[in-house]
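# Fold and contact review
Listed here are the chains, written in short residue letters.
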Amino acid sequence: MSDSQPQQPPPSPRRGNGRGTEGGHGPLRPTGNAHPAASEATTLLLAGARLTDGRTVDVRLSGGRIQAVGTAGSLRTPALSRVDLSGYLLLPAPAEPHAHGDTALTADGEGPVSYTADEVQRRATEAVLLQLGHGATAVRSHVRIGDVHGLGPVEAVLQARRSLRGLADLTAVAVPRLLTGVAGADGLAMLRDAVKMGASVIGGCPDLDPDPAGFLEAVLELAAEHGCPVDLHTDGDDPGRLSRLAAMAGGLRPGVSIGPCGGLSRLPLDAATRAADQLAAAGVRVTCLPQGDCAALERRGLRTAPVRLLRAAGVRVAAGSGALRDAGNPVGRGDPLEAAYLLASQGGLRPAEAYGAISTAAREAMGLPEVRVEAGFPAELLAVRGDRISGVLSLAYSRIVIHRGRVVARTSAVREYCDSAVAVALDLPRQGRMEPGP
């Protein structure tokens, strides 16, 4: 079962408060019927887009897929279905493999965090829309279950998923606290119920259970029973525990992901290398969080997983954003391009490799189909003002997000300099207003 499992038709969405997304922009008003079935029947032409290989092309979308890619001016479509991407780099859209929608946007609240169904649904929805504005058309949200809140948070996130259908794909990961011993019996029963409700991924944190091996065994057994992927939190600072995880998880399909694994960076090099080799042999993926740990783990040291070491061993490494303005990171942005920027600036990856960690590798970790800017591939795309990936990761301000062949989000940035001889002489890049300002 992938993150893109079929979803039920959504109820009528509630009206928002009229606020725009980050950057002060109001809601994008799509033309025609916004229902996915209607939007996927529409043909859209992306004109004059630049690709990473340097070509400038037109891209025609139809039925939620890329129908054709041709030289600029070679493809035809009605004028009302044309988006001018001159000056933009067109890329496969990012996906967010590690979010926490139930706790997002709670850092500035006063008093205890509310976990009523309405509040969790509102937070999860707003968080996905913020991430969508950054470019992530698919989001995997880890949701805590159990304790006094029971299954309420996961039910609220599933409701958010239904209301977001056609804008972004949201998946819930059920995250129990304990699964072993007497205290864990309720957690195991609740985990089963969460899967039946629609949580399509099984998660948790073995490090926090008194019996980590028992926790992992319970998760893998339930995942095999239901055909679910597994996505676990672990710091990765215990080589023996990682070895046992690799030995136990190797045969599970559709697969196991772990993260953020910052503790691997604190191990001696030989121990970290052995662990990486074992994870690679077992086919276990790693999702790193370059922007910092999340609230599901104790903050033992803000170090990112050793991405180059893992990749050298053959481990498939994706990158996520983690905390979005919650206890894990009060200023988290939920921006995949920031994660890629950090991998390129601090993680030792080339810009294209860093972008691949938030797009190709992230989609693979989530069981989503591959995206390329080629005919026949899904129309999950991100256009960013710029001409190459290094520049996009450095100054990724203006963005156009396409999901299922439809423009679902825009962010437009305007940079202006005062009239001065030096600005004119240097011919500094800027985007002026279409109309004179006040």
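What you see as residue numbers is a count from 1 along each chain, following the sequence as written. With the structure being a predicted model, the display of local features is reserved for residues of pLDDT at least 70 and the display and counting of side-chain atom pairs for 80 or more, all residues being used for whole-chain, interface and lining totals. Side-chain numbers come from the whole structure's heavy atoms, not from hydrogens or water.

The term salt bridge refers to a pairing of a side-chain nitrogen on Lys or Arg with a carboxyl oxygen on Asp or Glu at a separation within 4 Å. Counted according to the given criterion, the structure contains 18 salt bridges. Linking Asp-231 and Arg-140 is a salt bridge whose minimum nitrogen-to-oxygen distance equals 2.7 Å. Taken as a pair, Asp-231 in strand β10 (residues 230-234) and Arg-140 in strand β7 (residues 138-144) lie far apart in primary sequence, 91 residues in all. For every residue, the accessible area (1.4 Å probe, protein chains only) is compared with the maximum for its type, and the residue is labelled buried under 20%, exposed over 50%, or partly exposed between those bounds. Judged by relative accessible area, Asp-231 falls into the buried class, the value being 2%. Relative accessible area serves as the criterion here: at 1%, Arg-140 is assigned to the buried category. Across the salt bridge formed by Glu-338 and Arg-333, the nearest N and O atoms sit 3.5 Å from each other. On the basis of relative accessible area, Glu-338 is assigned to the buried category, the value being 19%. Within this structure, Glu-119, Arg-122 and Glu-126 form a network of salt bridges that share partners. Numbering of helices and strands starts at the N terminus; helices are DSSP runs of H or I of at least 4 residues and strands are runs of E of at least 2.

Moving on to the confidence of the model for the chain. pLDDT is a per-residue confidence score from the predictor, ranging from 0 to 100. On average, residues of the chain score 88 in pLDDT, and 85% of them reach the 70 mark or higher. In the model, residues 5-34 has pLDDT below 50 throughout and makes 33 contacts with residues more than four positions away in sequence or in other chains. Scored below 50 in pLDDT, residues 432-438 shows 5 contacts in the model against residues more than four places distant or in partner chains. Any two residues having at least one pair of non-hydrogen atoms within 4.5 Å are treated as being in contact.

With that out of the way, let us pick up the sheet that holds strand β13 (residues 317-319). Any two strands with at least two DSSP bridges between them are considered paired. Pairing is parallel across the open sheet formed by 8 strands, whose spatial order is β6-β7-β8-β9-β10-β11-β12-β13. Each having just a single partner strand, β6 (96-99) and β13 make up the two edges of the open sheet. Sheet twist, expressed as the average angle between the axes of neighbouring strands with direction ignored, equals 25°. A fitted line through C-alpha atoms serves as each axis, taken over the contacting stretch for helices, and the angle formed by two N-to-C directions is quoted from 0 to 180°.

For helix α3 (residues 152-163), with 12 residues, the first-to-last C-alpha span of 17 Å sits near the 16 Å given by 1.5 Å per residue. Within α3, the full set of buried residues consists of Pro-153, Val-154, Ala-156, Val-157, Leu-158, Ala-160 and Arg-161. The inward-facing, buried residues of α3 abut α2 (117-134), β7, β8 (169-175) and α4 (181-197). A helix's residues, less one, multiplied by 1.5 Å, set its expected span.

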